Structures are given as C-alpha cells and as structure tokens.
Amino acid sequence: APCFKAIHEFLSHWYGQVMLIGWTFAFFYHFGNGLRHLEWDTGRAFNLKDVSLSGWAVICFSVAMTAATWWLALQPAVSATPQQEPYAEDQPIAN
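Let me begin by describing the structure that accompanies this report.

### Here's the deal with the overall build of the protein chain
Then, in step 1: Each helix and strand in the protein chain was counted, giving 3 helices and 0 strands.
Then, in step 2: For the protein chain, the proportion of its 95 residues judged to be buried stands at 15%.
Then, in step 3: In the protein chain, the proportion of contacts linking residues at least 24 apart, taken out of those at least 6 apart, comes to 62%.
Then, in step 4: Only carbon and sulfur atoms are counted for the fraction: they give 69% of the accessible area of the protein chain, which is about 8,200 Å².

Pasting the structure below:
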C-alpha cells in the first residue's frame, strides 16, 4: 500500500500526467506503426510518397487516439443503472 500511495501521488502531479499522456501517445504510435508494417508485409505502399503519407497518418492517428483516450478518461463516471428515488414511507408500494 505505501508503494501505491507514492505512485498515485507522483502520477497525480502535472509531471506525472505529462508522463502518462506521453506513454499513451507512445502506445498508439507503436500500434499505428505496427499496422503500417503489416501493410508493408503485404508488399504494398513501398514507394517514397506512400511511406511519407503513412508516416504522417500514424502521427495523426496517435495524436487523435491519445486525445480521445484522455478525453474519455477525464469524463465523470456514469452509472450503468439509473438511480431510483429513495423510498418515502408515505408513498404506497407499487406492484
């Protein structure tokens, strides 16, 4: 538990958040380049124009997915079930 507290405090600071965003970007950049290499394994997109275009596409993909991930992560939690009003004693019980 002391390690968890120390890590939580570190990642809660602005520099920890920057590191988490960087790691998220690195994950999506690596994922996007993996897809790029899978396309190259089929023998396509080896000319200089396609290589440059796919490189920029990976960067755009990484930025967009990092932004979307952090936007979703920072949204307030939503309950899966609707909250019911507390039972009042003077109300009849519905069958």
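Now that the structure is up, let's keep going.
### A short note on the packing of aromatic side chains
Centre-to-centre distance and the angle between the planes together describe a pair of aromatic rings.
Then, in step 1: Across all of its chains, the model carries 8 aromatic pairs by this definition.
Then, in step 2: For the pair W14 and Y15, a centre-to-centre distance of 5.7 Å together with 80° between the ring planes defines the contact as edge-to-face.
Then, in step 3: Its relative accessible area of 66% is what places W14 among the exposed residues.
Then, in step 4: Overall, Y15 belongs to the partly exposed group, its relative accessible area being 33%.

### Some thoughts on the packing of helix α1 (residues 2-12) against helix α2 (residues 14-41)
Then, in step 1: It is the contact of α1 with α2, at a shortest axis distance of 4 Å, that shows an interaxial angle of 85°. Comparing their axes, α2 and α1 come out roughly perpendicular. Residues F10, L11 and S12 of α1 lie in contact with α2, whose contacting residues are W14, Y15, G16, Q17, M19 and L20.
Then, in step 2: Counted by class, the contact of α1 with α2 contains 6 nonpolar, 3 polar and no charged residues.

### Overview of a nonpolar patch on the surface
Then, in step 1: On the surface, F10, W14, Y15, V18, M19 and W23 cluster together to form a nonpolar patch covering roughly 670 Å² of accessible area.
Then, in step 2: Sorting elements by how many residues they give to the nonpolar patch places α2 first, with 5 residues.
Then, in step 3: Assignment of secondary structure puts V18 in helix α2.

### Observations concerning helix α3 (residues 48-73)
Then, in step 1: The end-to-end C-alpha distance of α3 is 37 Å, a good match for the 38 Å that 26 residues give at a rise of 1.5 Å each.
Then, in step 2: Residues of α3 that are buried in the fold lie against α2.

### A closer look at α2
Then, in step 1: If you check α2, its first and last C-alpha atoms are 40 Å apart, about what 28 residues at 1.5 Å a residue would give, namely 40 Å.
Then, in step 2: Buried residues of α2: G16, T24, F28, G32, N33, R36 and W40, and no others.
Then, in step 3: Buried positions along α2 lie against α1 and α3.
Then, in step 4: The first or second residue beyond α2 is G43, which carries a positive phi of 90°.

### Quick look at the packing of α2 against α3
Then, in step 1: Relative orientation of the contacting elements α2 and α3 amounts to 140°, with a least axis distance of 8 Å. When the axis of α2 is compared with that of α3, the two are oblique. Considering how the two elements wind past one another, α2 and α3 form a crossing that is right-handed. The segment α2 lies against α3, with Q17, L20, I21, T24, F25, F28, Y29, F31, G32, N33, R36 and W40 engaging V51, S54, G55, V58, I59, F61, S62, V63, M65, T66, T69 and W70.
Then, in step 2: For the contact of α2 with α3, a count of residues per class yields 14 nonpolar, 9 polar and 1 charged.

Each value, and the rule that gives it
- Residues numbered from 1 in each chain as written.
- Predicted model: local features only at pLDDT ≥ 70, side-chain atom pairs only at ≥ 80, totals over all residues.
- Heavy atoms only, no water.
- Helix = DSSP H or I, 4+ residues; strand = E, 2+ residues; numbered from the N terminus.
- Buried < 20%, exposed > 50% of the residue type's maximum accessible area, 1.4 Å probe, protein only.
- Contact = heavy atoms within 4.5 Å.
- Areas by Shrake-Rupley, 256 points an atom, 1.4 Å probe, with all protein chains shown as cover.
- Phe/Tyr/Trp six-rings, centres within 6.5 Å; stacked < 30°, edge-to-face > 60°.
- Axes fitted to C-alpha atoms, helices over the stretch in contact; angles between N-to-C directions.
- Parallel < 35°, antiparallel > 145°, perpendicular 65-115°, else oblique.
- Nonpolar A, V, L, I, M, F, W, Y, C, P; charged D, E, K, R; others polar.
- Patch = residues over 30% accessible without salt bridge, like charges linked within 9 Å, V, L, I, M, F, W, Y side chains within 5 Å.
- Salt bridge = Lys/Arg side-chain N within 4 Å of Asp/Glu carboxyl O.
- Expected span 1.5 Å × (residues − 1).
- Left-handed = near helix turned anticlockwise from the far one by under 90°.

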